[in-house]
Each structure stands twice: as C-alpha cells, then as structure tokens.
Amino acid sequence: MTILLRASETGRPITGLSKDAVAAPFGVPSSDVVLAEVAIQPGRQGGPGWMEARITPDANQRRRTKPTDAERWTDRVAGPKGGAPGSELVHKTRDEMRGVTFYRAKMADATETPRIDLAKVCRGLGLPEDDSCVFVLIDGTEFLISAFDTPPLSQIFPATRELLTPDPKGMYVCGYTITGQPVKNMVFQHDKNAARHGLILGVSRSGKTQFFAIDMAAMSLAGQVVWLSTVRKDEKTTVLGRYIDRQGSNALWMARSLRAAKALCEIRADMPWPHDGQPHDYKPGDPRCPYRQLNVFADEFMTAAQDAEFGEFIQTDGDDLTVTGLKYGIGLNPAGQSPFAHNGFSTEMKDNLRQNSRPTIFNMGSPGATRKAAEGTMENPYDVPTIPARYSRTEGSAIERAMRGEADPENGVSTGGVAVIVLDNGRTVLMRSLYADFDTDLSELFPDEVTGSPTTRSVSWRSAACGSTGTSPYVPASSGPSPTRTTTATASPVGAAAEAAERAAAAAPRAAAAVPRRSPRPARRWRPSRASPTPEPPTQPPGPARPSAAGPTRPS
C-alpha cells in the first residue's frame, strides 16, 4: 500500500515524520515502511511539503523468510555494518564439477574502492568462516568471492618439464590459483628486453627452496647460467648443486659469487658482439649475443648480510648488482625471511627487485608481515590475499567440543608451497606453486647438460672473485673454500666463434697483467768518483750488544 502525505499547513515542509509514526496506526513493523520524496509531476505538486509512504508487510515477510540472493546481499552484506558496504550483487553462480560457488559483486558507486571483511561476508551469506575454503579476488571496483566445498589449496601439482619450459616471451607455469588457473613467472623481461631479478620471501619450511628448484629448472631449460649460494649447507641446496653451474654454502662463498658477478658486468661492458665488433646491452633471445644470462641466487641473504666479517661486502655488492646487473644479463635473486630494510634489504635494493621481477611471498608468519612484504608492489597493499593457516576445514564447533570435554582436532598439515605472487599490473594472486620432489631424481626437470659459460669458468672465480692481483678484500685468495663446478659446461649458444671471442675478452686482462714492464732507464748504481774521496761507511750508533748465536757469555 502506498500513501501520499501532505503538510497540514500550505507552504510548510513535513518534519518529524518517522517510520514508527506511520507503522503504528497500521500495526506493522517499522521495517515494513519506506518513506520517500514525491517528485514534481504535471498536475501534481511535490517537494518538501509532500511525502510518500510505502507499507509492504507481505513482501517484507517473504524477504525475511525466503530472500532472494540479491536481497540477502543487500540486507546482510552491503549495509553500512556489513562485510562489503556499498556493494551490490551482480550474480551468483554454482560450478558443481569443481564444487565451488561464485559471488560476483561490484560497488554501487564506481568511485569507491571495495573494502571486504571476509569473515562478515561469510556470516551474512551463511557460509562457514574457513580461510582454507573461502577466498576473495578484487579487480578494480568489482570483486569475486569463491566458496569451495573442500580446500582447493590442498591439491598438489607436480612440476613437469613441459610446464617449466619457457615460451618465446620467457614465461613458464610456476603454479595454479584456487580456481585452477595457471600462474606464470618469467625468466627474462620480454617487455623491457632485459634480464630479470627475483624476490622470494617466507619463513622456514614455507616452500622457498621448492620454488628455487622450479625457477632454476626453467632458467636452465632456457639456456641460462645459475649460481646458488646459501649461508649453511642443507640437503636440498646440495641436490640442486648437481644440476646448476655453481653452488656453495657459507657467507664467504656468497661474497665471492657477488664479487664475481660484479666483475663479469665490467667484462661484458667491453665485450664486442660478433656482428659489428661493438659492445651492446644484453638482449634476451638475441642469437648475436656472445654470452648467456646469469642468475645469481642468494638464499638467506639477510642472514649473510649481517655476517660480522663479510656482511658489509655482501650488502654493497648486492645493491650494486640490482642497479647495474640487468643491462649486462645478470639477475640477482635473493631470498629471506624478513621484508624490512634493516635486515639486509635496503630501500634502493627492494625498489629495483620489485620493479624488475614478480615477487613471490610465501607464509611470513602473519597477515601483517605478508602485507608488509607486498607493500609497494601493488596498487592497494590491504588487498593482499591471506594465506590460510591450514589445508583442512574446521571440524565441528569449538563450543560443543568444550562442553563435551573433547580435544580439539589437530590440523597437522602446513601451508608450505602456498604463496602470494605479485603480477606485472600490481595485482596479487594466491597460488599453490608446483611441487618438485627432492626425494626422487630431479633430472626430469633440468636439461641433460648443465648450462655454463666460458667467462664464468676463466675469470669470475679466479681473477674476479679473488681480485686481479690474486688477493681479495674479503680474504687472501688461497684461503677459504674453493668453489667447485658441478659438471662440465655446455657450449655457448652462438657457436664456436662467439665462445672464442668470449675467451679472448676474458683472457685479455690477465695477459696484459702478465707482460713484464721494463723501466725506460735502468737505475744507476752509486760508484765513488776518482776526484772525491771514498766516503766512510756509516758508523753504528752505540747501543746494547746483540746476543750471540751461542748464547750469553759466562763471566770469568
């Protein structure tokens, strides 16, 4: 029923009229009353002196008992105190094959940014508050809420050589999203025509080394050289050392690998290309390039940067590589457990790493730490997906178990391998990374032969890492562990001519240093002149007598 109301005095506005005042005479709840302004129409007045009251008890009764999806969303989710205030439901879709229900919504005001409280949304829609089954994806003013019947991240996706082989643009599959979409990472930046850096963060046992394996395999399949340095030796990094060019495990080794990579930048800056005899910046995929891309991995970089003896050099050389390494085909891939600058990542280093890579962030221990790690790499850091605390759903009610005196169920399953990857457009995606089984042979993922480079063999470890004079600012060249090559390197991708040119450019500084230099005039030896008397030899000043070799003399 609709009632048209007019002010009792002409020319006066209607004031003080409430829903309760209209609902009381009709004996209906105030929620069944809607007050609206009256639009001015031909033949009828409007404005503040008129008001329209709609009374719909039957319709609201149905809405309270059997609301539609749009009505439920408006009443319980889109309200000022709801989980997504100011939003409206676009449609609800059910996928029986995958066991998931999708709620697609958008903001009613296109200028507003979605603010999603997933726990409130679940309570409003009657969904279980389970972070392992309910997820949100935000895209501008629209967002998608996915409610799965079973945890989608509990599925394991084995890594294969087909998935890890990069395409012509340098992209390979590194994992899958909650909806089954493949997530791709890059081995070089096709749009910038340059190499790439990497940034991998996560606490212990979160899946960083697993991601190392698939990332290194993809780089090796692309014909790139890989070095790996860690603070301490462990089983997985030792296994990876069998399939890459070089691997070592201490702070000294990391310092030398970074020093060698810096020296390699200077060598490649003057290295002529075979087609015109002039040096050029690195261009991935260019068959004329006389050298391969080098990827330097530094596990637990922040721990090594705090080393009392080598930490300062590791920090300085790491900063230098992130700034100048890409144009010479050298990328730095540090990994650590803290995103804060005072733990080894300077502001300049983080900016270069984030803008020239796809940062991958595993479980950081808390949503706040994960959000801090992704800060600056996306449009809105508060939209970072939350990595669930478990794979299994919550069983039963905690209150009922407490009343019955039953023990809480043990989750027993970690979220290792689940990560947040920041894509090129600054949007974050929650994914399950591919699984590399270290208990079996990894040779099915890596190429048959380890990729190496003549320059890395002849210069980087001998003259570059230890200094051109045979000594290093870190330690003498003869001390410390000597990096060992895991296997014989393959030939250069541009053929024997380019490989010979690379060897010649690498050997030139050593050959120049080995040539003995003669003085233009030999040093004159002093000779006494016939006209002048021979000078007397200088007398030794008096002092205590030196003890003889036979020992002190006994007094007579």
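Residues numbered from 1 in each chain as written. Predicted model: local features only at pLDDT ≥ 70, side-chain atom pairs only at ≥ 80, totals over all residues. Heavy atoms only, no water.

J.: Looking at this structure, I do not really get the overall build of the protein. What am I missing?
T.: The helix and strand tally for the protein stands at 15 helices and 17 strands. Taking all 556 residues of the protein together, the buried fraction comes to 46%. (Helix = DSSP H or I, 4+ residues; strand = E, 2+ residues; numbered from the N terminus. Buried < 20%, exposed > 50% of the residue type's maximum accessible area, 1.4 Å probe, protein only.)

J.: So what exactly am I meant to see when it comes to the packing of helix 10 (residues 311–324) against helix 11 (residues 347–355) here?
T.: When two helices pack together, their arrangement is given by the angle between their axes and by how far apart the axes lie. Here helix 10 crosses helix 11 at 35 degrees, and the two axes come no closer than 9 Å. Here the hand of the crossing between helix 10 and helix 11 comes out left-handed. Residues Gln315, Gly318, Asp319, Thr322 and Val323 of helix 10 form the contact with helix 11, whose own contacting residues are Glu348, Met349, Asn352 and Leu353. Here the residues of the contact of helix 10 with helix 11 sort into 3 nonpolar, 4 polar and 2 charged. (Axes fitted to C-alpha atoms, helices over the stretch in contact; angles between N-to-C directions. Left-handed = near helix turned anticlockwise from the far one by under 90°. Contact = heavy atoms within 4.5 Å. Nonpolar A, V, L, I, M, F, W, Y, C, P; charged D, E, K, R; others polar.)

J.: Explanation requested: the nonpolar core in the structure shown.
T.: Judged by nonpolar contacts, the single largest core of 46 residues is most densely connected at Leu258, Leu294, Val296, Phe301, Ile314, Ile330 and Leu430. Counting residues per element, this core draws most heavily on helix 8 (residues 251–269), at 9 residues. Look past the residues within four positions of valine 296 in its chain and what remains in contact with it is Trp227, Ser257, Leu258, Ala261, Ile330, Gly331, Leu332 and Asn333. Counting residues in each nonpolar core, the second largest holds 39 residues, with Tyr172, Met431, Ala436 and Phe438 among its members. (Core = buried A, V, L, I, M, F, W, Y, C linked by side-chain atoms within 4.5 Å.)

J.: Looking at this model, I keep getting lost on the packing of helix 8 against helix 10. Mind explaining?
T.: Interhelical geometry of helix 8 versus helix 10 gives an angle of 35 degrees and a closest axis separation of 9 Å. Crossing hand, helix 8 versus helix 10: left-handed. Contacts from Ala251, Met254, Ala255, Leu258, Arg259, Ala261, Lys262 and Cys265 of helix 8 reach helix 10 at Ile314, Asp317, Gly318, Asp320 and Leu321. Split by residue class, the contact of helix 8 with helix 10 holds 8 nonpolar, 1 polar and 4 charged.

J.: Just checking my understanding: could you explain helix 12 (residues 367–374) for this structure?
T.: Because an α-helix packs 3.6 residues into every turn, residues spaced three or four apart end up facing the same way. Taken residue by residue, helix 12 has Ala369, Thr370, Ala373 and Ala374 as its buried positions. All buried residues of helix 12 fall inside an arc of 135 degrees around its axis, so they share one side. Buried residues belonging to helix 12 abut strand 10 (200–201), helix 11 and strand 15 (360–361). (Arc of directions from axis to C-beta.)

J.: Is there a simple way to explain the packing of aromatic side chains in this structure?
T.: Any aromatic ring pair is given by two values, namely how distant the centres are and how the planes are angled relative to each other. Counted according to the given criterion, the structure contains 7 aromatic pairs. Ring centres of tyrosine 243 and phenylalanine 446 lie 5.1 Å apart, and the angle between their planes is 20 degrees; on these two criteria the pair is classed as stacked. Here tyrosine 243, found in the loop between helix 7 (235–240) and strand 12 (246–249), pairs with phenylalanine 446, found in the loop between strand 17 (428–433) and helix 14 (454–464); they are 203 residues apart in sequence, far enough to count as distant. You'll find tyrosine 243 and phenylalanine 446 in the same group, each marked buried. (Phe/Tyr/Trp six-rings, centres within 6.5 Å; stacked < 30°, edge-to-face > 60°.)

J.: How should I be thinking about the side chain of lysine 208 in this particular structure?
T.: With respect to the helices and strands, lysine 208 occurs in helix 6 (residues 208–221). For lysine 208, the side chain forms a polar contact with the main-chain oxygen of valine 203, separated by 3.2 Å. (Polar contact = N/O pair within 3.5 Å; in protein donor to acceptor, adjacent residues only side chain to side chain.)

J.: Would you mind showing me how to read the pattern of salt bridges here?
T.: Note on pairing: side chains with opposite charge can pair once their charged atoms come close. One pass over the full model with this rule turns up 17 salt bridges. The residue arginine 196 makes a salt bridge to aspartate 215 at a minimum N-O spacing of 3.0 Å. Taken together, the residues arginine 196 in the loop between strand 9 (182–186) and strand 10 and aspartate 215 in helix 6 connect sequence positions 19 residues apart. Of the two residues, arginine 196 and aspartate 215, both sit in the buried class. Ionic pairing is found between arginine 404 and glutamate 406, a salt bridge with its closest N-O pair at 3.0 Å. Overall, glutamate 406 belongs to the partly exposed group, its relative accessible area being 43%. Overlapping salt bridges bring together Arg94, Glu96 and Asp149 as one network. (Salt bridge = Lys/Arg side-chain N within 4 Å of Asp/Glu carboxyl O.)

J.: What exactly am I supposed to notice about the confidence of the model for the protein here?
T.: Regions with low pLDDT should not have their predicted coordinates read in detail. Scored by pLDDT, the protein comes out at a mean of 80, with 76% of its residues at no less than 70. Contacts of residues 454–499 to residues separated by more than four positions or lying in other chains number 105 contacts, the stretch itself having pLDDT below 50. A low-confidence stretch, residues 509–556 stays under pLDDT 50, and its non-local contacts, those more than four residues away or across chains, total 4 contacts. (pLDDT = per-residue confidence, 0-100.)

J.: Please clarify how the pairing of strand 11 (residues 225–230) should be interpreted in this entry.
T.: In regular strands, side chains alternate between the two faces of the sheet. Counting buried positions along strand 11 gives 6 out of 6 residues, so the element sits mostly inside the fold. Residues Val225, Trp227 and Ser229 line one face of strand 11 and the alternating positions Val226, Leu228 and Thr230 line the opposite face, and both faces are buried. One crossover worth recording links strand 11 to the parallel strand 12 by way of helix 7, and it is right-handed. (Right-handed = clockwise from strand over helix to strand, strands pointing away.)

J.: Got a minute to help me understand the environment of proline 359 in this structure?
T.: Within the element layout of this structure, proline 359 appears in the loop between helix 11 and strand 15. As a C-alpha pair, proline 359 and leucine 201 span 158 residues in sequence and 8.1 Å in three-dimensional space.

J.: What's the story with the sheet that holds strand 11 in this structure? I'm lost.
T.: The strands that make up a sheet are held in pairs by hydrogen bonds between backbone atoms, and each pair lies either parallel or antiparallel. Across the sheet, which stays open at both edges, the 10 strands sit in the order 9-8-17-16-15-10-14-13-11-12 with mixed pairing between neighbours. In the strand order of this sheet, the two ends are held by strand 9 and strand 12, each with one partner. Strand direction decides the pairing type here: strand 10 and strand 14 (residues 330–336), joined by 2 bridges, are parallel. Bridge pairing in strand 14 places isoleucine 200 opposite alanine 335. (Pairing = 2+ DSSP bridges.)

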